[in-house]
Amino acid sequence: MSASVPTAGTLPEATAPAPDTEVADDRMARLPAGWRVVASKEIGDHVTSVRFIVLLIVLGLAAAIPLYFAADRIRAVAQAATGVPAVFLALFTIGPANIAILRVDTFVGIVAPLLGLAFAFDAVNGERSEGTLPRLLSQPIYRDDVINGKFAAGLGVIGLVLVSVVLLISGFGMLRLGIVPASQEIIRLVAWVFATFLYVALWLSFGLLLSVVIRRAATSALVGFGVWLLVTIFGQLITTLVSGLFAPAANATADQVLGSYQAQQWVTRLLPSTLYHEISSVILTPNLTQISTPATIGQLEQAQSQIPGLLTLDQSMLLVWPQVVALVALTVVCFGAAYILFMRQEIRA
Amino acid sequence: MERKKIVERDPRREPVIRTRALTKRYDTLTAVDALDLEVRPGEIFGLLGQNGAGKTTTILMLLGLTEPTSGQARVVGLDPARHPREVKRRVGYLPDAVGFYGGMTGRQNLRYTARLNGLKGKDAETAIDEVLHQVGLTDRAEDRVETYSRGMKQRLGIADALVKSPDILILDEPTTAIDPIGVVEILDLLRTLVNERGLAILLSSHLLTQVQSVCDRIGIFAAGRMVGEGTVTRLASLFGDGSAIIDVGLDLKDPVGKQRAEGVLAGLASVETVTRPEARSDLWRLTVKPASEEANVRQAILAAALEHQLHLTSLRPIVPSLDDIYRTALERRGMADTAVGRGAASASGRSAA
């Protein structure tokens, strides 16, 4: 084959126009950061899209929870004991006694993945099926500008609405219930918002990955929805199933029982929903001093003999640091996979 | 610095696109095989080939959107694989089956492209207005693209490629799925662009007649290889059957005159056949062999017409159609088969002819 190459001479290459020489094409120097342009266009698309309205409605519902359910209970609690720790944060963690989902933190934990997926599942394959991808990539941008810009836009839009909702709830709490947050509570709230950002980012990355791998937007939406269902709703089911494998035999020794219990907890922690739930509850509940239920008699005794007290944020963060790291790692893995696959993909269908 | 001076001295001679032994392989399939290509400023170069001949792959390599397996490419003097951004800044590209964001207006789509190219505010709007005017979409600029016809989208695609004021325009199948009138409009537009802006255009097509009508030079592409390159006339002499065609218009009333004219024309040197005009036509068709005698035969016709009192109405050499050239080119290179069922055959290591 190589014998057929007629002239193997090297073609001369002009030096790339550097911005500081007169050779420079001044238009080259004026090129903006591609991902910003992509992101601002995507944000424009998002805020006029149907999914944005859905986002508003869904997170609006979250804001309505304290309005209807939390307020009364908080009043009752606050009256019963004036010394209740972090009443302000209770706005986010208290709901009607018998419906677990109607708490702001739980609710957000369930819908955040859906929102992340909704804003990313068609990011790349949508461009592909519309035939806009070759045109977009033939513009003077790097290829990763596309995926970075889309990620930034999704996170930006969801984040904006999330922050608005948190401010709305806080405002409601202050005006209607007269609960004024202490500085520690504000910091905790900010930390919680960041943790939620992180969780949304994970699902956005996962959505991006799906949109790169799966050619049809509808299929990638279905797969994403399926995974969300599996992780969020049937998460408990999976852990039960898997931990069944580790279930101690009837004649097991104490050590074996303990070991199997720890294995179950470990399996649960593989799920991002569990990770987020643990982070969220520790941040929003300053008097929570341990995440897992005590596994040994010693731990149990320790927990019971503990004097109830409030943790400072750094102590709480210390408690959930492994979970935070795990969540970051999962996000990096998902985004990294989407990034690499997209960079290596052929542009032609 | 040195190189820049050379470019300044004679910018029109320097090819803006140049490839050496450019090759792209996908597993066993060789999509582009040792391609040598040169496109100069101010010319329209037609890349002609069937679907799957490797035209789009070539274009993607020129834009740095896919990496060549081996060989080199220089676009505006730069290696697209190493400086894709600079190359893409200066090359306008109309992809095959171009798509737009349907929910946005034509102008918004162009504005996005302009911004990606660093054009903002007034500069961008001026550039957008200009290209919209050029492609004749000014009236529909504020409508959503999803309401556009296929031809309008194609024209918007050209506007989109032009909005960055490129030095080179690369158009992949610019005339597919467009009605005949639209095709003529687009081809006229391309010619105008070359004349007005002096840019170079590389266009790919499988529609021979269109390529023939607008391109200065043509490269015939089959199974990833360039089987012939040059002007239509040059290709004709390369791949024609060695004969030329002249149409002669004669104003003859009676059958006797026709008889006489036929005798005269057939008696000329190098004239192989004489075909009588069809009803209601006065065009006689002569085939001349060898083709190189074509000019002499025309002179002879003129002289004979004077001598024999035949009233000439026209005298026209017919450039052979690209369709014929294309077919012969493929057959001559024994590629007619491989062009259809290529892959195994082309991968088996055929050496250059």
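Since we're looking at a predicted model, the values are computed, not measured. (Residues numbered from 1 in each chain as written. Chains lettered and ligands numbered in written order. Predicted model: local features only at pLDDT ≥ 70, side-chain atom pairs only at ≥ 80, totals over all residues.)

1. Quick word on the overall build of chain A
Here comes step 1: The helix and strand inventory of chain A stands at 15 helices and 0 strands.
Here comes step 2: The buried share among the 349 residues of chain A stands at 37%.
Here comes step 3: When contacts within chain A are restricted to residue pairs at least 6 apart in sequence, those whose partners lie at least 24 apart make up 79%. (Helix = DSSP H or I, 4+ residues; strand = E, 2+ residues; numbered from the N terminus. Buried ≥ 20, exposed ≤ 12 C-beta atoms within 10 Å, placed from the backbone. Contact = placed C-beta atoms within 7 Å.)

2. Some details on the overall build of chain B
Here comes step 1: Along the backbone of chain B there are 14 helices and 13 strands.
Here comes step 2: Expressed as a percentage of its 353 residues, the buried residues of chain B come to 44%.
Here comes step 3: Sequence-distant contacts, at least 24 apart, represent 69% of the contacts inside chain B between residues at least 6 apart.

3. Points about the sheet that holds strand β8 (residues 217-222) of chain B
Residues and elements named next belong to chain B.
Here comes step 1: One open sheet holds the 6 strands; their spatial order is β5-β6-β7-β3-β8-β9, and the pairing between them is mixed. Looking at strand neighbours, the two that pair on one side only are β5 (91-94) and β9 (225-230), the edges of this open sheet. Sheet twist, expressed as the average angle between the axes of neighbouring strands with direction ignored, equals 15°.
Here comes step 2: Here strand β3 (residues 44-49) runs beside β8; their pairing, made up of 5 bridges, is parallel. Following the sheet pairing, F45 is matched in β8 by R217. (Pairing = 2+ DSSP bridges. Axes fitted to C-alpha atoms, helices over the stretch in contact; angles between N-to-C directions.)

4. Re the confidence of the model for chain A
As a general rule, the predicted coordinates of low-pLDDT regions are not to be interpreted in detail.
Residue and element names in this part refer to chain A.
Here comes step 1: The share of residues in chain A with pLDDT of 70 or more is 78%, and the mean pLDDT across the chain is 80.
Here comes step 2: Summarising per-element confidence for chain A, the mean pLDDT is lowest in helix α1 (residues 26-29) (61) and highest in helix α7 (residues 133-137) (93).
Here comes step 3: With pLDDT under 50 throughout, residues 1-8 is counted as low confidence; its partners more than four residues away or in other chains account for 14 contacts.
Here comes step 4: Within the model, pLDDT remains below 50 along residues 17-24, and this stretch shows 11 contacts once partners closer than five positions in the same chain are excluded. (pLDDT = per-residue confidence, 0-100.)

5. A few points about the sheet that holds strand β10 (residues 244-250) of chain B
Residues and elements named next belong to chain B.
Here comes step 1: One open sheet holds the 4 strands; their spatial order is β11-β12-β10-β13, and the pairing between them is antiparallel. Each edge of the open sheet is held by one strand with a lone partner, namely β11 (271-275) and β13 (312-318). On average, each strand axis in the sheet is inclined to that of its neighbour by 20°, with strand direction left out of account.
Here comes step 2: Taken together, the 6 bridges between β10 and strand β12 (residues 283-288) define a ladder with antiparallel strand orientation. Note that in β12 the partner of D247 across the bridge is R285.
Here comes step 3: Across the sheet, helix α10 (residues 255-266) lies against β10, β11 and β12, angled at about 160° from β11, the strand it touches most.
Here comes step 4: On top of the sheet, helix α11 (residues 294-307) reaches β10, β11, β12 and β13; it is set at about 170° to β13, its chief contact.

6. Overview of the packing of helix α2 (residues 34-47) of chain A against helix α8 (residues 143-176) of chain A
Residues and elements named next belong to chain A.
Here comes step 1: Packing of α2 against α8 brings their axes to within 7 Å, and their N-to-C directions diverge by 45°. In terms of orientation, α2 lies oblique with respect to α8. By crossing handedness, the relation of α2 to α8 is classed as right-handed. Between α2 and α8, the residues in contact are G34, W35, V38, A39, E42, I43, H46 and V47 and D145, V146, N148, G149, K150, A152, A153, G156 and V157, respectively.
Here comes step 2: A per-class count over the contact of α2 with α8 returns 9 nonpolar, 5 polar and 3 charged. (Parallel < 35°, antiparallel > 145°, perpendicular 65-115°, else oblique. Left-handed = near helix turned anticlockwise from the far one by under 90°. Nonpolar A, V, L, I, M, F, W, Y, C, P; charged D, E, K, R; others polar.)

7. As for the packing of helix α9 (residues 183-213) of chain A against helix α13 (residues 272-284) of chain A
All names here are of chain A.
Here comes step 1: Between α9 and α13, the least distance of the axes is 9 Å, while the angle of their chain directions is 170°. Overall, the two elements α9 and α13 adopt an arrangement that is roughly antiparallel. Residues R188, A191, W192, A195, Y199 and L202 of α9 lie in contact with α13, whose contacting residues are P272, Y276, I279, S280, I283 and L284.
Here comes step 2: For the contact of α9 with α13, the per-class residue count stands at 10 nonpolar, 1 polar and 1 charged.

8. Remarks on the nonpolar core
Here comes step 1: Counting 155 residues, the largest nonpolar core has L208 of chain A together with V75, A159, I168, I170, I201 and L202 of chain B as its most contacted members.
Here comes step 2: Per element, the largest residue contribution to this core is 16 residues, and it comes from α9 of chain A.
Here comes step 3: The residues touching I201 of chain B, leaving out its near neighbours within four places in the chain, are I44, F45, L169, L171, L190 and V194 of chain B. (Core = buried A, V, L, I, M, F, W, Y, C linked by C-beta atoms within 7 Å.)

9. Here's the deal with the environment of G240 of chain B
Residues and elements named next belong to chain B.
Here comes step 1: Note on placement: G240 falls in the loop between α9 (232-239) and β10.
Here comes step 2: Assessed through the 16 C-beta atoms surrounding it within 10 Å, G240 is described here as partly exposed.
Here comes step 3: Sequence-wise, G240 and A329 are 89 residues apart; in three dimensions their C-alpha atoms are separated by 8.6 Å.

10. Observations regarding the pairing of β12 of chain B
Looking along a regular strand, one sees side chains alternate from face to face of the sheet.
All names here are of chain B.
Here comes step 1: Of the two faces of β12, only the one carrying W284, L286 and V288 is buried; L283, R285 and T287 on the other face are not.
Here comes step 2: As paired elements, β11 and β12 share 4 bridges and run antiparallel to each other. Bridged to V271 within β12 is V288.

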